[in-house]
Structures are given as structure tokens and as C-alpha cells.
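# Secondary and tertiary structure notes
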Amino acid sequence: MAIITTIEDLRVLAKKRVPRMFYDYADAGSWTESTYRANTEDFGKIKFRQRVAVNLENRSLASTMVGQPVAMPVALAPTGLTGMQHADGEILAARAAEKFGVPFTLSTMSICSIEDIAAHTSKPFWFQLYVMKDRDFINRLIDRAKAARCAALVLTLDLQVLGQRHKDLRNGLSAPPKLTIPNLINLATKPRWCLGMLGTQRRSFGNIVGHATSVSDMSSLSSWTSQQFDLSLSWKDVEWIKQRWGGKLIIKGIMDAEDARLCVDSGADALIVSNHGGRQLDGAESSIAALPRIVDAVGKQIEVHMDGGIRSGQDVIKALALGAQGVYIGRPFLYGLGAMGEQGVSKCLDIIRNELDLTMAFCGLRDVRQVDKNILLPGSF
């Protein structure tokens, strides 16, 4: 593909280069995928007001997220198995984000470890935490994040049980890949990916293997993980984690106004309106549809962020107009990573920045911090 101008171009290229089981893992939702589709489709219903004859000199996309300066109000979302989209994927994505000036969020279920990211970056990154039954392991994870100078902890609350994702089951998803005949045939068509994986030692869950009790290799990881989902998770656990962490806390997975108010009560610094990319409760509304109601519920008491369905800079500005102070991109940067490695992540960010800047200009604004509902066509949101 000679010219890449959209996130869709990166997706098409990633699909060609990434093994099917890992591409499908990133690009699928649960059950019928109705919420996964709604996340993107609902953005298309929102229309802009075009303005003219406005001074558009010296435009700025600079903003802040939880007090941290950002080149634009976009962060890279925590995504599991990122290092299986491309060898050393988390390291490459973190470096691209650092160069661009936006936050990178490392998932608990990453291939590269917290220490790997700290060793290959010079600025603080963010770390996403799942609450597991093994509280000693969680304590150690938090300590490791502190030692790595992580600037914020993103606590995901919507994975007490795992949504059923049909493609993962059909593909026999695992890391490293199960060497079934269909998977071997598919891997044979991805020589670039295979060569990259042969050149790295990072092929397991770096934050877990060798750190969790009784998990010394990939063979023992599956049984440990299946026993770790904490069905008793409560807001008391959130309070404990906040105290244990002591730094900026962002709560991810909020789709209900009552839960948003509980986030305020918890003392968290921000919440993320998120349905886990349509990968958990199929039939839930889209994140962008839930966003205005949650903003209304909490006002200025807590910073509101949003993820799910963003595929362009235009989607970013729509979320900002509806009250989000920042957004997260998951699949877009994974497409870039799978397509072209670190260069692809940088390309993804460049595409979004350009689309965000031009759309802001067409709407008659020079500063992204001025974006509000006035740039949207009444009745379209």
C-alpha cells in the first residue's frame, strides 16, 4: 500500500501482516458484536456545524489529561497481547507515544513487562491494573509500577467475568500460538511477523510469568488466570487500591451514571466511559451514546475520559464536544503497530492529529480546549 491516509488503510495492511488469531483478537467483539459495531456507527450520526471567515492562525491541540500535558487529548489505551501484533509491540508503541507527546498505557496482560517499557522510554507512562484474587500479586504489581515511575494507574472494573468472543474460541487463541494445522498454514503466510518473533525473547505475559506465585511458564499461566477473576470485586477494593497506589487513579469501564457518581465518591482523578471496546456486554449502548449522560451526572467533580469506536480525529473532536476531556485509542494504534511497527503507531497518531486539527478549523476554532457542543449540529446528538 503506497499511500496511507486513514486508519482504515492501516487496518487493511495489519490484516495482511498479522496472524489471524491475533488480528481477530484485536478486531472482534463479544457475541453478535452489536455493541462493537455501535461504538463506531454512532459517531457517524453526529454532525458538525461548519463556520467560515474566522481567524484560524496559531491553532493548538495541546491539552492536559489528569494534569499531564499532552500534545493532543488522546492516549493509547491498554490492550492485551499487544506484543503479539508485532514483536516487542508494547515497547514500540510506548516509544511512538513518547515521541508524539501522548500517554501510553501498559496493560496488565501485556507481552512486554513494566520493566521492559521503563527501560526503553525516558518519560513516565501509565499502567492498567486488573483486580485479581491474588492480592499479594496485585501489591507487587503496584510496587513495580511505582518503581517504574508510572504517572497514573488505570483501574479496569468491567472484567470480573470474561465476555465470550467467538473468534478467539474458533482460532484457539493463545500466546504463543497453538501450532494447529490451520494456524501453521496461516503463520506461513506471515513471514514478516514470524521473523520478528524469532528475533525477540518476549513471547509470554511479561507482567505475570515469573512474578505470580506458581506461574513459572506459559503452561501454568492458563490455569492460574482462569482462577483469578474476582467475582467479589467491590468499591471497597477500589478504595484499598487508591490508598495503596497513592498517585493519579483513573477508573475504566464506566457506562452508568450511578457508577460514575461512585467514582466521584471513591476519590478517583478520572473515569473512562468505556464498554471494553464491545468485548464484554454485547447489547450495551455505545460509549459515545453514554458519554453525555455520564458528564451530566458528575459535572466538574471528576475528569471524564472516553474510549470505544474512535477511528479518526473527527471522532475525537465529537467526544470532546460531548464533554470528554480526553479519549483513548486501542484498535487504531494496534492496526498501525501490526501494519508497520513503531512507524505505524506514529502514522496512526499523525492521521488523527491532522484530522482533529482540520476539523477544528472547519468548525471555526483555534484551540482544542474551546471545543464544546456548539460545534455540533443541534438534533444530531
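Up top is the structure these notes are about.
Below: a short report on this structure. All figures in this text were calculated on a predicted structure; none of them were measured in a lab. (Residues numbered from 1 in each chain as written. Predicted model: local features only at pLDDT ≥ 70, side-chain atom pairs only at ≥ 80, totals over all residues. Heavy atoms only, no water.)

## So, the environment of Gly 101
Heads up, the rule is: Each helix is a run of H or I in the DSSP string that is no shorter than four residues. Each strand is a run of E no shorter than two, and both are numbered from the N terminus. Contacts were defined at the residue level, with two residues in contact if any of their heavy atoms lie within 4.5 Å.
Within the secondary structure layout, Gly 101 lies in the loop between α4 (89-100) and β4 (105-106). Along the chain, Gly 101 and Ala 62 lie 39 residues apart, while their C-alpha atoms are 9.5 Å from each other. Apart from residues lying up to four places away in sequence, Gly 101 is in contact with Pro 69, Val 70 and Ala 71.

## Focus on empty space enclosed by the protein
Gaps left between atoms show up when a probe the size of a water molecule is rolled over them. Rule in force here: A 1.4 Å probe that fits but cannot get out identifies a cavity on a 1 Å grid over protein atoms alone, an open set with protein on both sides within 12 Å along at least five of seven lines counts as a pocket, and a residue lines either if it has an atom within 4 Å of a point. Grid points are joined across faces, edges and corners, and a volume is the space filled by probe spheres set on the points. Residue polarity is assigned by list, with Asp, Glu, Lys and Arg as charged and Ala, Val, Leu, Ile, Met, Phe, Trp, Tyr, Cys and Pro as nonpolar; anything else, Gly included, falls into the polar class.
Here the structure, examined in full by the defined rule, presents two cavities of 30 Å³ or more. Size it by volume and the largest cavity reaches roughly 40 Å³. The element contributing the most residues to the lining of the largest cavity is helix α8 (residues 181-188), with three residues. Tallied by class, residues from the lining of the largest cavity come to four nonpolar, two polar and one charged. Around the second largest cavity sit Ala 77, Pro 78, Thr 79, Thr 82, Glu 90, Phe 104, Thr 105, Leu 106, Ser 107 and Phe 333, which together line it. Per-class residue counts for the lining of the second largest cavity are five nonpolar, four polar and one charged.

## Some thoughts on the side chain of Thr 82
Operational definition: Buried means the residue's accessible area, taken with a 1.4 Å probe over protein chains only, is under 20% of the maximum for its type, while exposed means over 50%, and partly exposed covers the values in between. Nitrogen and oxygen atoms within 3.5 Å of one another constitute a polar contact, given that in protein one can donate a hydrogen and the other can accept it, and given that sequence-neighbouring residues count only through two side-chain atoms.
Structurally, the position occupied by Thr 82 is in the loop between β3 (74-76) and α4. Note on Thr 82: relative accessible area 2%, which makes it buried. In terms of polar contacts, Thr 82 uses its side chain to reach the side chain of Thr 79, at 2.5 Å. Beyond its immediate stretch of four places on either side in the chain, Thr 82 contacts Gly 89, Glu 90, Phe 333, Leu 334 and Leu 337.

## Quick look at the packing of aromatic side chains
Rules: Aromatic pairs are defined between Phe, Tyr and Trp rings, using the six-membered ring for Trp, whenever the two ring centres lie within 6.5 Å; interplanar angles under 30 degrees are classed as stacked, those over 60 as edge-to-face, and all others as tilted. Charge over a ring is defined by NZ of Lys or CZ of Arg lying within 6 Å of the ring centre and within 35 degrees of the ring normal.
This model, assessed by the stated rule, comprises two aromatic pairs. Ring centres 5.9 Å apart and planes at 25° place the aromatic pair Phe 22 and Trp 193 in the stacked group. Taken together, the residues span a long stretch of sequence, with Phe 22 in helix α2 (residues 20-26) and Trp 193 in helix α9 (residues 191-198) at a distance of 171 residues. Residues Phe 22 and Trp 193 agree in their burial class; the two are buried. The ring of Tyr 25 carries Arg 279 above its face, with NZ or CZ at 4.5 Å from the centroid.

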